[in-house]
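Here is how the chains run, residue by residue.
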Amino acid sequence: MQIKTMPKKPAEISESDYFICENQGDLFQLAESMEFDDDDFIRQYMNSRFCNKEMDTPYSYFQMADPEDAMDYILKEIKPEHNSRHYDRNKIYWIGYMYRYLHIRFGINSSTIYQILPLKDMLVYYIGMHTQDDEYFVDIIKDKFKRGDYE
């Protein structure tokens, strides 16, 4: 899969957009606290119909809903494995936040973002990027898309 052209940068990301990013970070942490396997939950969620229909849209109730409310609906579709091995909560939050930020910023659906940047890659990026400005990370990822590293 190749993205033909990168969408133009939006003039500004709104406060509600930042809230949606934070909400997805909280959702990923909730999954961890429910003892879902981090890798399995994130993979299934990012590729789910719920994520495509409710999160990858200009507006949905679930974007602003409490993570617990959204989780009730998500678990009707996906069945992530349980285990007690987890990544650091801050990493999981940042990854959830940045996956949503990338969607809002580029308008690329979550399943494509996950295909391009699977969890194992995001865990590597976390080390150097979690303290950087969100747009700095976007610039790194945008270059990766242009080079075609995801094919």
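Structural data are supplied above this passage.
On a predicted model such as this, the values are computed, not experimentally measured, just so you know.

Enquirer: Can you walk me through the nonpolar core in this structure?
Expert: The nonpolar side chains of a soluble globular protein tend to be buried with one another. Counting residues in hydrophobic clusters, the biggest one holds 41 residues, and the most contacted among them are Phe28, Phe41, Ile42, Tyr45 and Tyr99. If you list the elements that add at least two residues to this core, you get α1 (15-33), α2 (38-46), α3 (49-55), α5 (67-74), α6 (89-106), α7 (110-116), α8 (119-129) and α9 (134-147). When residues in this core are grouped by element, the largest group, 9 residues, is from α6. The contacts of Phe28, once residues within four sequence positions are left out, are Phe41, Ile42, Tyr45, Met46, Ile92, Ile95, Gly96 and Tyr99.

Enquirer: Hey, could you run me through the side chain of Gln24 in this one?
Expert: Structurally, Gln24 can be placed in helix α1. The class for Gln24 is buried, based on a relative accessible area of 1%. A polar contact of 3.0 Å, which involves the side chain of Gln24, links it to the side chain of Arg100.

Enquirer: What should I look at first to understand a nonpolar patch on the surface in this one?
Expert: On the surface, Phe19, Tyr59, Tyr61 and Met64 cluster together into a nonpolar patch covering about 450 Å² of accessible area. Counting through the fold element by element, Tyr59 comes out in the loop between α3 and α4 (61-64). Classification of Tyr59 as exposed rests on a relative accessible area of 60%.

Calculation rules
Residues numbered from 1 in each chain as written. Predicted model: local features only at pLDDT ≥ 70, side-chain atom pairs only at ≥ 80, totals over all residues. Heavy atoms only, no water. Core = buried A, V, L, I, M, F, W, Y, C linked by side-chain atoms within 4.5 Å. Buried < 20%, exposed > 50% of the residue type's maximum accessible area, 1.4 Å probe, protein only. Helix = DSSP H or I, 4+ residues; strand = E, 2+ residues; numbered from the N terminus. Contact = heavy atoms within 4.5 Å. Polar contact = N/O pair within 3.5 Å; in protein donor to acceptor, adjacent residues only side chain to side chain. Patch = residues over 30% accessible without salt bridge, like charges linked within 9 Å, V, L, I, M, F, W, Y side chains within 5 Å. Areas by Shrake-Rupley, 256 points an atom, 1.4 Å probe, with all protein chains shown as cover. Salt bridge = Lys/Arg side-chain N within 4 Å of Asp/Glu carboxyl O.

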